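What follows is each chain in one-letter form.
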Amino acid sequence: MIGMPAQRFTRRRFIHVSAAAAGLALLPAAVVSSSGRFVAAAADLEQHLRVWRGVALGADAMLQIHHPDPAAADRLIERCLVEVARLEGIFSLYRDDSVISVLNRDGRIANPPLEFIELLGQSAEISRLTGGAFDATVQPLWDLYARHFSKPNADPAGPAKADIAAAVRRTGVSAVEIDPGEVRFSRADMAITLNGIAQGYITDRIVGLLREAGIDRSLVDMGETRAMGDRPAGGPWIVGLEDPDHPGMVAQRIEIENQAVATSGGYGTQFDAAGHFNHLFDPATGGTSWRYRSVSVVAPTATIADALSTAFSLMPLDKTRRIVDALGIKAYFTRPTGASVAQPA
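As the structure is a prediction and not an experimental result, all values here were calculated from the model.

Draft legend 1. Here's a closer look at the pairing of strand β14 (residues 330-334). Counting buried positions over the five residues of β14 gives four, a clear majority of the element. Summarising the sheet, strand β13 (residues 294-299) and β14 pair through five bridges and their orientation is antiparallel. The residue of β14 that forms the bridge with Val298 is Lys330. Direction of pairing for β14 relative to strand β15 (residues 340-343): antiparallel, over a ladder of four bridges. Looking at the pairing, Tyr332 lines up with Ala342 of β15.

Have a look at this one:
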């Protein structure tokens, strides 16, 4: 399961939208804003494309809307950004006043928002589905590794085994008690992170908002990518899966239509220069992922794709295959040798 730092950083971009397929081939570089402002794609007006780029929950984010009325599209984008900001106030570990930060600090929170209850419930369901590989309570492991490797002359072998065992004892999904009126920890010094699922959840919430507004074709990426319908020009959206050995380069292109895709890879955030320890924690052992260089999942929702790409990073192929077959989804694995495996083949 993915851990999270106290300080802000931008998550590595694993998914690349194919320029031609997404309608960005004609988008002039001069109008692509990195300041979080939405822009009009002047050379693509025949498709009525409006594009916003910014950051959500510490990840690069993008929203494309095809709408015949540019002003209405801009207002809708602003509505989406207000909703993203509201949800960040629930799930963000960067904010001391967020719901999750208050829970981690106090060990309980009264009258939590419905979205918090809902996502905790979905996290628990995915934890059961994956045999515990997905676990929102691994934040103590992040804190341990971050403290260890922030010290001068830190032992390159990682934290002491006794310290890892102590952190593991502070984890456990069953110790998170969820009631409509309160969420609380039944063990001392626990903490949770929803960063292995919250980006997908927020992406899905924005898709729902757009559909309520009558949008049926869009590409939404609030940390994870979900396509609504097909491209305005026809055909599926095309996204590129990053080559973990050559970050920024596309290793494989896949088609999605009314689907979401998410990628997890230990190389995205590493604690040590040698790359032996990363942000994907095994809740059973307290170690970090080593089976694959990266894992991508294509699923009906970004919530499921996000969580399963995280969990699958820690699971052997025979166990992931059972879940892939049961849910009718797709998964792509890159082994440490560079070899690729797809499920189903």
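Once you've had a look at it, read on.
Draft legend 2. Up close: the nonpolar core. By size, the foremost hydrophobic cluster in this structure holds 67 residues, and its most contacted members are Leu63, Phe91, Phe116, Leu194, Leu210, Met222 and Phe312. Excluding residues within four positions of it along the chain, Phe312 makes contact with Tyr292, Val295, Val297, Thr320, Ile323, Val324, Ala331 and Phe333. Val239, Leu241, Ile254 and Tyr332 belong to the second largest nonpolar core, which has 13 residues in total.

Draft legend 3. Structural detail: the sheet that holds strand β5 (residues 108-110). Strand order across the open sheet formed by three strands is β5-β7-β6, with antiparallel pairing between neighbours. The sheet terminates laterally at β5 and β6 (176-179), the two strands that pair on one side only. Between one strand and the next, the sheet's axes are offset by a mean angle of 10°, whatever the strand orientation. Relative to strand β7 (residues 182-185), β6 is paired through four bridges, and the arrangement is antiparallel. Along β7, the bridge assignment pairs Val176 with Phe185. Sheet contacts for helix α3 (residues 99-106): β5 and β7; angle to β5, the most-contacted strand, approximately 130°.

Draft legend 4. Local environment of the packing of aromatic side chains. Applying the stated criterion across every chain yields a total of 12 aromatic pairs. Ring centres of Tyr145 and Phe277 lie 5.9 Å apart, and the angle between their planes is 45°; on these two criteria the pair is classed as tilted. Taken together, the positions of Tyr145 in helix α5 (residues 139-150) and Phe277 in the loop between β12 (260-264) and β13 put the pair 132 residues apart, joining distant regions of the chain. The exposure class of Phe277 is buried, given its relative accessible area of 14%. Aromatic ring contacts, followed pair by pair, group Trp142, Tyr145, Phe149, Phe271, Phe277 and Phe281 into a single cluster.

Draft legend 5. The pairing of strand β4 (residues 59-66), seen in detail. Of all eight residues in β4, seven are buried; the element is thus mostly enclosed. Here strand β3 (residues 49-56) pairs with β4 via eight bridges, running antiparallel. Looking at β4, one finds that Arg53 is bridged to Met62. Here β3 folds back onto β4, and the loop between the two strands holds two residues, one of which, Leu57, carries a positive phi near 50°. Pairing analysis gives four bridges linking β4 to strand β8 (residues 218-221), with the strands arranged antiparallel. Each residue of the ladder has a partner; that of Ile65, found in β8, is Ser218.

Calculation notes
- Residues numbered from 1 in each chain as written.
- Predicted model: local features only at pLDDT ≥ 70, side-chain atom pairs only at ≥ 80, totals over all residues.
- Heavy atoms only, no water.
- Buried < 20%, exposed > 50% of the residue type's maximum accessible area, 1.4 Å probe, protein only.
- Helix = DSSP H or I, 4+ residues; strand = E, 2+ residues; numbered from the N terminus.
- Pairing = 2+ DSSP bridges.
- Core = buried A, V, L, I, M, F, W, Y, C linked by side-chain atoms within 4.5 Å.
- Contact = heavy atoms within 4.5 Å.
- Axes fitted to C-alpha atoms, helices over the stretch in contact; angles between N-to-C directions.
- Phe/Tyr/Trp six-rings, centres within 6.5 Å; stacked < 30°, edge-to-face > 60°.

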